[in-house]
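Take a look at the letters that make up each chain.
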Amino acid sequence: MPDSYDIEVKLLAVTPDSERLIETAGRLCWDTQDKTGSTPDRIEKWLKIGHESMVEHACATFYIRASRVLTHELVRHRLASYSQRSQRYVKESEPRYVEPPEIRDDAAAHQRFQEAMLSCWQAYDDLLDGGVKAEIARYVLPNACETQIICTWNFREIRHIIKLRTSKRALPEFRAVADEIRQIVKEIAPQVFADL
Ligand SMILES: Cc1cc2nc3c(=O)[nH]c(=O)nc-3n(C[C@H](O)[C@H](O)[C@H](O)COP(=O)(O)OP(=O)(O)OC[C@H]3O[C@@H](n4cnc5c(N)ncnc54)[C@H](O)[C@@H]3O)c2cc1C
């Protein structure tokens, strides 16, 4: 099950009073500022007809701990700002990795996976001990290596990411992350994310 991935998603910051700001922007377009707050699903109605640009005025920043497989796909979303833990300047001294539940729950696959992780980190440590720089030694580290990233997206991009990445076609680990993001944003801006 995707939700049993050992990942972490935390909201670090969000535009204050975001839905009011979005409604202010939308009402400016239609010159109906005097009606602000009078229609509880005003933003939902705009979104339904494709009038989406006003939700770009609000954004949210998340901390995500997941695998490098996940972040490789995550950073393809370009309307964003990212800061990721460096493997050039930070040594991955501890063998920290994400094991997919599909592997973890199968005894033989789990054992093979653990052996592979051990072997990667053994080679990494040997290279470092031999004087190879961390930025070069990291070439032997696996895709499963755990990483941390801070991401800032506007609400329109978050809607896009949720739509694409909660789909059954998405990578299971990404679905787990996107599900957590969806849960958080539905609380902070229920109108903007009501349909997702
Ligand atoms: C199920 C799935 C399978 C995938 N498989 C592969 C794969 O095999 N190989 C691979 O390389 N990628 C793959 N991807 C990644 C995919 O192609 C996109 O790179 C990724 O989902 C980022 O989404 P995006 O391009 O829609 O938008 P974002 O970067 O999130 O941008 C949001 C929107 O802004 C607009 N936009 C942004 N930049 C431009 C631009 N330069 N020009 C015009 N419009 C722009 C588009 O409307 C875009 O949808 C896959 C994604 C999914 C969900």
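None of the values given here were measured: they were computed from a predicted structure.

Asks: What should I look at first to understand helix α1 (residues 18-30) in this one?
Replies: It helps to recall that an α-helix has 3.6 residues per turn; residues three or four apart then point in one direction. An ideal rise of 1.5 Å per residue puts 18 Å on 13 residues; α1 measures up with 19 Å between its terminal C-alpha atoms. All buried positions along α1 are accounted for by Ser 18, Ile 22, Glu 23 and Gly 26. Buried residues of α1, viewed axially, fall in a sector of 130°; they line one side. Here the buried face of α1 lies against β1 (8-14), α2 (42-48) and α8 (172-188). Following α1 by one or two positions, Asp 31 has its phi on the positive side, about 55°.

Asks: I keep staring at the site of the ligand and nothing clicks. Help me out?
Replies: Every residue lining the ligand is accounted for by Arg 76, His 77, Arg 78, Leu 79, Glu 157, His 160, Leu 164, Arg 169 and Ala 170. Residue composition of the shell around the ligand, by class: 3 nonpolar, 2 polar and 4 charged.

Asks: Sorry if this is basic, but what is going on with the domain arrangement of the protein here?
Replies: By a widely used convention, the size of an interface equals the accessible area lost when the partners come together. According to the domain assignment, the protein consists of domain 1 (2-86 + 147-188) and domain 2 (101-140). Computed from C-alpha coordinates alone, the two centres of domain 1 and domain 2 are separated by 34 Å.

Asks: It is not clear to me how the nonpolar core should be interpreted in this structure. Could you clarify?
Replies: General note: in soluble globular proteins, nonpolar side chains tend to be found buried as a group. Counting residues in each nonpolar core, the largest one holds 33 residues, and the members touching the most others are Phe 155, Ile 158, Val 177 and Val 192. Those elements that place two or more of their residues in this core are α2, β2 (59-67), α3 (68-74), β4 (146-154), α7 (155-165) and α8. Excluding residues within four positions of it along the chain, Val 177 makes contact with Ile 7, Val 9, Ile 64, Ala 66 and Leu 70.

Asks: Is there a simple way to think about the sheet that holds strand β3 (residues 80-84) in this case?
Replies: As a general point, the strands of a sheet are linked pairwise by backbone hydrogen bonds and lie either parallel or antiparallel. Strand order in the open sheet formed by 4 strands is β1-β2-β4-β3, and the pairing between neighbours is antiparallel. Looking at which strands have only one partner, the edges of the open sheet turn out to be β1 and β3. Averaged over all pairs of adjacent strands, the angle between their axes in this sheet comes to 20°, without regard to strand direction. Sheet analysis places β2 next to β4, joined by 9 bridges and oriented antiparallel.

Asks: When you look at α8 in this model, what are you seeing that I'm missing?
Replies: An ideal rise of 1.5 Å per residue puts 24 Å on 17 residues; α8 measures up with 25 Å between its terminal C-alpha atoms. Every buried residue of α8 is listed here: Glu 173, Phe 174, Ala 176, Val 177, Ala 178, Ile 181, Arg 182 and Val 185. In this structure, the buried residues of α8 make contact with β1, β2, α3 and α7.

Asks: Which parts of the structure should I look at to understand the packing of α7 against α8?
Replies: Think of two packed helices as two axes; the pair is described by the angle between the axes and how far apart they sit. Between α7 and α8, the shortest axis-to-axis distance is 9 Å and the interhelical angle comes to 135°. Our classification of the angle between α7 and α8 gives oblique. In the crossing of α7 with α8, the sense of the turn from one axis to the other is left-handed. Of α8, the residues touching α7 (which contributes Ile 158, Ile 161, Ile 162 and Arg 165) are Phe 174, Arg 175, Ala 178, Ile 181, Arg 182 and Val 185. Tallied by class, the residues present in the contact of α7 with α8 amount to 7 nonpolar, no polar and 3 charged.

Asks: Would you mind showing me how to read the environment of Ser 93 here?
Replies: Among the secondary structure elements, Ser 93 is positioned in the loop between β3 and α4 (101-104). Look at Ser 93 and you get exposed, because 11 C-beta atoms sit within 10 Å. For Ser 93 and Tyr 124, which are 31 residues apart along the polypeptide, the C-alpha to C-alpha distance reads 8.7 Å.

Asks: Looking at this structure, I do not really get unusual backbone geometry. What am I missing?
Replies: Trans is the common state for peptide bonds, and a negative phi is the common state for residues other than glycine. Its identity as a non-glycine residue notwithstanding, Asp 17 has a phi of 50°, on the positive side. By secondary structure assignment, the location of Asp 17 is in the loop between β1 and α1. For Asp 17, a count of 11 C-beta atoms within 10 Å corresponds to the exposed category. Phi is positive for Asp 31, which is not a glycine, with a value near 55°. With respect to the helices and strands, Asp 31 occurs in the loop between α1 and α2.

Rules and cut-offs
Residues numbered from 1 in each chain as written. Predicted model: local features only at pLDDT ≥ 70, side-chain atom pairs only at ≥ 80, totals over all residues. Helix = DSSP H or I, 4+ residues; strand = E, 2+ residues; numbered from the N terminus. Expected span 1.5 Å × (residues − 1). Buried ≥ 20, exposed ≤ 12 C-beta atoms within 10 Å, placed from the backbone. Arc of directions from axis to C-beta. Contact = placed C-beta atoms within 7 Å. Near = placed C-beta within 6 Å. Nonpolar A, V, L, I, M, F, W, Y, C, P; charged D, E, K, R; others polar. Domains from an automatic or database assignment. Core = buried A, V, L, I, M, F, W, Y, C linked by C-beta atoms within 7 Å. Pairing = 2+ DSSP bridges. Axes fitted to C-alpha atoms, helices over the stretch in contact; angles between N-to-C directions. Parallel < 35°, antiparallel > 145°, perpendicular 65-115°, else oblique. Left-handed = near helix turned anticlockwise from the far one by under 90°.

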